[in-house]
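Fold and geometry: a report
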Amino acid sequence: MHLPFEKRFPSELNRDHDYYMSHAYNHALLAWEKDEVPIGAVIAHEGTIIASAYNQTRSTNDPSAHAEMLAITQASNYLGDWRLSNCILYVTKEPCPMCAGALVIARIQKVYFGISDPKMGCLGGATNLAQLPESNHKFEAVGGILEKENHILLNAFFEKKRAEKKNCSAEDSDT
């Protein structure tokens, strides 16, 4: 698929939130190229990216193949531990119920996300699984990192999908 967006090239000298989210954004671009919903994620441990992934639900026919879930698995394998208590997740869109629940179970330290999801987001959008009163693990989640860029990318993908569907429907009615 033609990609109308450019990769970001963050400086290795300034490992701030934009740095890590730029890497997540670049993985979202990889998802777009594979005709997947463009969501990317990276997990950092002690300042180093140890896991990176993008959505692969369509190509794998696996509804659990979200960027966050794949990155959690990679990070756990890298560390040799299911507890990610010293890890930070950066993801381009607020995690869904499945991913937010997995982050609680994995004992993630903190999450930064690009855009909020008021319908299905579970780190403050629709609800907040990171702050369940009776949970034995709570973590902070912060949204708005490269929000504009992530919003434009996701909106463009779904606009393109709607246009493709409309064109397909128009071609079907012509025959």
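Note: the structure precedes this text.
Scope of this entry: the structure provided in the associated data block. Predicted model, so just to flag it, every value in this text is computed and none were measured.

Another point: the sheet that holds strand β5 (residues 140–142). Ordered by their spatial adjacency, 5 strands build an open sheet running β2-β1-β3-β4-β5, and the pairing between neighbours is mixed. If you trace the sheet from one side to the other, it starts and ends with β2 (48–54) and β5, each paired once. Averaged over all pairs of adjacent strands, the angle between strand axes in this sheet comes to 15°, irrespective of strand direction. Here helix α3 (residues 67–79) sits on the sheet and contacts β1 (40–45), β2 and β3 (87–93); the angle it forms with β2, its principal contact strand, is near 145°.

Of all hydrophobic cores here, the largest spans 38 residues; its most connected members are I43 and V111. Judged by nonpolar contacts, the second largest core, of 10 residues, contains Y20, V42, A44 and Y90.

Applying the stated criterion across every chain yields a total of 8 salt bridges. The salt bridge involving R83 is made with D81; its shortest N-O contact spans 3.1 Å. Measuring nitrogen to oxygen at the nearest pair gives 2.7 Å for the salt bridge that ties D117 to K93. Of this pair, D117 sits in the loop between β4 (110–115) and β5 while K93 sits in strand β3, and the two are 24 residues apart along the sequence.

On to the pairing of β3. Counting buried residues along β3, 6 of its 7 residues qualify, which places the element largely inside the surrounding structure. Sheet topology places β1 next to β3; 5 bridges connect them, and they run antiparallel. Paired with I43 across the two strands is L89, which belongs to β3. Note that β3 and β4 share 5 bridges and pair parallel. Looking at the pairing, I88 lines up with K110 of β4. Between the parallel pair β3 and β4, the chain is carried across by helix α4 (residues 97–105), and the sense of this crossover is right-handed.

Calculation criteria
Residues numbered from 1 in each chain as written. Predicted model: local features only at pLDDT ≥ 70, side-chain atom pairs only at ≥ 80, totals over all residues. Heavy atoms only, no water. Pairing = 2+ DSSP bridges. Helix = DSSP H or I, 4+ residues; strand = E, 2+ residues; numbered from the N terminus. Axes fitted to C-alpha atoms, helices over the stretch in contact; angles between N-to-C directions. Contact = heavy atoms within 4.5 Å. Core = buried A, V, L, I, M, F, W, Y, C linked by side-chain atoms within 4.5 Å. Buried < 20%, exposed > 50% of the residue type's maximum accessible area, 1.4 Å probe, protein only. Salt bridge = Lys/Arg side-chain N within 4 Å of Asp/Glu carboxyl O. Right-handed = clockwise from strand over helix to strand, strands pointing away.

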